[in-house]
Amino acid sequence: MTTLTLNLNPIIKLTDDQFFQLCQENENIRLERTAKGELIIMSPAGGETGNRNGRLTQQLFNWSDRDGSGIAFDSSTGFKLPNGADKSPDAAWVKLERWNALTPEQQKKFPPLCPDFVVELLSPSDSLKETQDKMREYRDNGALLGLLINRKNRQVEIYRPGAEVQVLDNPTQVSCEPILPGFVLNLGSIW
């Protein structure tokens, strides 16, 4: 996935509603926005990455349906983070009480919150440093658990508030306890 950053700020500062509308009018383009208001344009994922991401979200959705304590989201969902950035993790989960605290209008647009759990699956063309920065941004904005899956190096970086990043080499699974009770991500179909 190739990314391109576009700075419109000297010309126009998009409101949240304008950014949402821009995304709706260009649904074939994946857009994010930095806290500074820069647009990040990302190309669609390739077939292999798309399949692996589907396997990842499938596991999260299956667990979420059984557990019932929150709502799972795929990579097409944008979230308005507390720092003002609009980000779309590859997979995310939000506690039900936080989701239900939003108005119906907030639920329809980009929910104004940071997910409790986020996953980024590093694509072959993604920058590791930029994705690590994104993971830190999620953590700094309230994510309780974040996983950065690096298929090339067969590593998983685990991000938690107030803790050093933990790196697992070639794990077969990753427990998401205690944030997602009983959820163990099986990496066999993702590697």
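See the structure printed just above.
**Q** Can you explain helix H1 (residues 16–25)? Please cite residues and give values.
**A** One full turn of an α-helix is made of 3.6 residues, so residues set three or four places apart face in the same direction. The complete set of buried residues in H1 reads Phe19, Phe20 and Cys23. Down the axis of H1, the sector holding all buried residues measures 100 degrees, keeping them to one side. Close packing links the buried residues of H1 with strand E2 (30–33), strand E3 (39–42), strand E6 (86–87) and helix H4 (104–108).

**Q** Quick rundown of unusual backbone geometry? Include the residues and the values.
**A** For the peptide bond that leads from Glu177 to Pro178, omega is -10 degrees, which places it in the cis range. Here Pro178 lies in the loop between strand E12 (173–175) and strand E13 (184–186). For Arg154, which is not glycine, the phi torsion reads 50 degrees and is therefore positive. Tracing the sequence through the fold places Arg154 in the loop between strand E9 (145–150) and strand E10 (155–159). Arg154 gets classed as partly exposed once you look at its relative accessible area, which sits at 34%. Of note in this structure, Asn170 is not a glycine but carries a positive phi near 50 degrees. Relative to the helices and strands, Asn170 resides in the loop between strand E11 (166–169) and E12. Here Asn170 falls in the partly exposed class, since its relative accessible area comes to 44%.

**Q** Any chance you could break down the sheet that holds strand E7 (residues 91–95) for me, citing the residues and the numbers?
**A** What the six strands build is an open sheet, ordered E4-E7-E8-E9-E10-E11; its pairing is mixed. On the outer flanks of this sheet lie strand E4 (70–74) and E11, each paired with one strand and no other. Neighbour to neighbour, the strand axes of the sheet diverge by 15 degrees on average, direction disregarded. Direction of pairing for E4 relative to E7: antiparallel, over a ladder of five bridges.

The rules behind each value
- Each chain carries its own residue numbering, running from 1 in the direction its sequence is written.
- Reporting in this predicted model follows two pLDDT cut-offs: at least 70 for local features of residues, and 80 or more for side-chain atom pairs to be given and counted; totals over whole chains, interfaces and linings ignore these cut-offs and use all residues.
- The side-chain numbers reported here are obtained from all heavy atoms of the structure, hydrogens and water having been left aside.
- Note on exposure labels: buried denotes an accessible area under 20% of the residue type's maximum, exposed denotes more than 50%, and partly exposed covers the range between, all computed with a 1.4 Å probe on protein chains only.
- Runs of E in the DSSP output that reach at least two residues are strands. Runs of H or I that reach at least four are helices, and both are numbered from the N terminus.
- It is the directions from the helix axis to the C-beta atoms whose arc is reported.
- Contact between two residues is taken to exist if any of their heavy atoms lie within 4.5 Å; hydrogens are not considered.
- When DSSP finds two or more bridges between a pair of strands, those strands are recorded as paired.
- Every angle, taken between N-to-C directions, lies between 0 and 180 degrees, and every axis is a line fitted to C-alpha atoms, over only the stretch in contact when it is a helix.

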